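Each chain, written out:
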Amino acid sequence: MPKSKIAGIGMYVPSQVVTNNDLTQYMETSDQWIQERTGIQERRFAHRTDETTTTMAVEASKIAIERAGITAQDIDFIVFATLSPDYYFPGCGVLVQRALKMKEIGALDVRNQCSGFVYALSVADQFIKTGMYKNILVIGAEKHSFGLDFTTRGRNVSVIFGDGAGAVVLQPTEAANKGILSTHLHSDGEAAEILAMYNPGTHANYWADKNYASFNDALIGDMFMSHDMIDNAQNFPFMDGPSVFKKAVVKFPEVIVEALTANGKTAADIDMLIPHQANLRISQFVQQTLKLSDDKVYNNIQKYGNTTAASVPIALCEAWEAGKIKEGDLVCLAAFGSGFTWASALLQW
Ligand code: ACO
């Protein structure tokens, strides 16, 4: 059975830099608070009207496809991870298929938030291993800036996130010392609501206490997104930060060790760990737990903030472009986020 290798990788971040000080114009916060709690110094925001999750993904994909030495016409499947799609439906995969004038190939969107890219990579890996596809485009992209609460009410969430996109092309390889060794996916829905955007959604919580005379009453201007929901900030992400932190620092090391153990390796064998850029404090905690030196963990949250599904491919791309990942290196990708879901992938570059 072939393994999957990353044949090409690309990234795109918008040109607009937003510093912590810039955010103080809109909310009560400070550069010091943000840096101390998250490590973030600045992030990128997409152009309000000209850039979308898909347009950023397309730019990252063009680079990944070119570096793989193929054309968009050669791609035979797309897996697109995002929580900020251009439309509520359809997903972004088909928009990439259209924008890059690809053949009428399959396009799948993955809704797994921060672990979305690693989940997407795992899905693509299975299709390569079974021989079903030969060139799969795997994307993680987000335009968070369109949907955050930039008032003081939403500051615990909105200072963390940024926009961007990363993409890889997966191809089969028979080489012994190359490719994805294994992927590991997990979830625990018990805490689904502590890092979530509740609306628009079909959950019952909101409707349970409403006494509408008839279904039609509920439909009048109140069905999908009501003024009530907006007044209660339910159209913005909610996060219980401390609870997320506590779970993340346990599950990140756990899923990394799971990948290492499955392949007869230990943390000492890792050449480069690419953690989802949730928060610099979380990455540092993971690094200490696994006793990894600074040169074996790549962080760029300082420049881009948390770009959710895009953070792993952006960090992987930057680390590779900077010459920090070389042929044959053992690379571990790991992510944790909303759901909760968490995942890892161990690969030889
Ligand atoms: N600026 C200034 N003050 C703020 C801000 C802000 N942006 N946000 C919150 N505060 C205030 C709060 O109002 C609170 O004030 P109070 O004590 O007067 O009530 C105080 O700071 C402490 O608030 P906490 O939420 O307890 O702050 P904490 O120290 O936990 O830090 C943070 C918040 C950074 C979100 C932290 O909980 C964390 O890192 N959690 C992990 C979650 C995470 O990384 N999420 C990323 C997205 S999910 C993912 O990718 C896994």
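(A) The arrangement of the overall build of the chain in detail. Within the chain one finds 13 helices and 13 strands. Relative to a compact globule of 349 residues, whose C-alpha radius of gyration would be 20 Å, the chain shows 20 Å and is just as compact. Each principal axis of the C-alpha distribution contributes one length, and for the chain these read about 65 × 45 × 40 Å. Sequence-distant contacts in the chain: of pairs separated by 6 or more residues, those separated by 24 or more amount to 78%. When the 29 basic and 38 acidic side-chain charges of the chain are each reduced to a single mean position, those positions are 5 Å apart.

(B) Local environment of the environment of Phe117. Structurally, Phe117 is set in helix H5 (residues 116-129). Owing to a relative accessible area of 1%, Phe117 belongs among the buried residues under this scheme. Residues Phe117 and Ala334, spaced 217 residues apart in sequence, show a C-alpha to C-alpha distance of 9.7 Å.

(C) Focus on the domain arrangement of the chain. Splitting the chain by domain gives domain 1 (3-173), domain 2 (179-192 + 238-348) and domain 3 (198-231). The straight-line distance from the C-alpha centre of domain 1 to that of domain 2 is 17 Å. Tallying the contact residues gives 50 residues for domain 1 and 41 residues for domain 2. Summing the contributions of domain 1 and of domain 2, the shared interface buries around 3,500 Å²; its carbon and sulfur component is 67%. In terms of surface lost to domain 2, no three residues of domain 1 exceed Met11, Cys114 and Val118, which account for 18% of the buried area on that side. At the boundary of domain 1 and domain 2, one finds 1 salt bridge. When the shortest N-O distance is used, the salt bridge between Arg67 and Glu321 registers 3.0 Å. Put simply, domain 1 and domain 2 have 18 residue pairs in polar contact (both at pLDDT 80 or more) between them. Elements represented by at least two residues in the side of domain 1 that touches domain 2 include exactly strand E1 (3-12), helix H2 (31-38), strand E3 (42-45), H5, strand E6 (136-142), helix H6 (155-158) and strand E7 (164-173). Here the side of domain 1 that touches domain 2 gets 8 residues from one element, more than from any other, and that element is E1.

(D) Up close: the pattern of salt bridges. This structure, assessed with the given rule, holds 8 salt bridges. A salt bridge links Lys62 to Glu59; its shortest N-O distance comes to 3.4 Å. Of this pair, Lys62 and Glu59 both sit in helix H3 (residues 53-67), 3 residues apart, roughly one helical turn. With relative accessibility at 41%, the residue Lys62 sits in the partly exposed group. When the shortest N-O distance is used, the salt bridge between Asp188 and Lys247 registers 3.4 Å. Of the two residues, Asp188 sits in the loop between strand E8 (179-187) and strand E9 (195-196) while Lys247 sits in helix H10 (residues 241-262), which places them 59 residues apart along the sequence. For Asp188, a relative accessible area of 26% puts it in the partly exposed group.

(E) The arrangement of the environment of Met1 in detail. Take Met1: it is sitting in the segment before E1. Note on Met1: relative accessible area 78%, which makes it exposed. In this view, Met1 contacts Lys129 and Glu174; residues no more than four positions away in its chain are not counted.

(F) Looking closely at the sheet that holds strand E12 (residues 330-337). Taking strand neighbours across the sheet as the criterion, the 4 strands line up as E8-E13-E12-E11 in an open arrangement whose pairing is mixed. Pairing within the sheet leaves two strands with one partner each, and these edge strands are E8 and strand E11 (272-275). Taking each pair of neighbouring strands and ignoring which way they run, the sheet shows an average axis angle of 10°. Bridge count for E11 against E12 is 4 bridges, and the pairing is parallel.

(G) Summary view of the side chain of Thr173. On the secondary structure map, Thr173 appears in strand E7. What makes Thr173 buried here is its relative accessible area of 10%. Here the side chain of Thr173 touches Ala175 through a polar contact of 3.0 Å, landing on its backbone nitrogen. Not counting residues within four places of it along the chain, the set of residues in contact with Thr173 comprises Pro2, Lys3, Ser4, Lys5, Lys178 and Gly179.

Thresholds, definitions, all that
Residues numbered from 1 in each chain as written. Predicted model: local features only at pLDDT ≥ 70, side-chain atom pairs only at ≥ 80, totals over all residues. Heavy atoms only, no water. Helix = DSSP H or I, 4+ residues; strand = E, 2+ residues; numbered from the N terminus. Rg over C-alpha atoms; globule rule 2.2 N^0.38 Å. Contact = heavy atoms within 4.5 Å. Lys, Arg positive; Asp, Glu negative; His and termini not counted. Charge placed at Lys NZ, Arg CZ, Asp CG, Glu CD. Buried < 20%, exposed > 50% of the residue type's maximum accessible area, 1.4 Å probe, protein only. Domains from an automatic or database assignment. Buried area = accessible area lost by both parts, 1.4 Å probe. Salt bridge = Lys/Arg side-chain N within 4 Å of Asp/Glu carboxyl O. Polar contact = N/O pair within 3.5 Å; in protein donor to acceptor, adjacent residues only side chain to side chain. Pairing = 2+ DSSP bridges. Axes fitted to C-alpha atoms, helices over the stretch in contact; angles between N-to-C directions.

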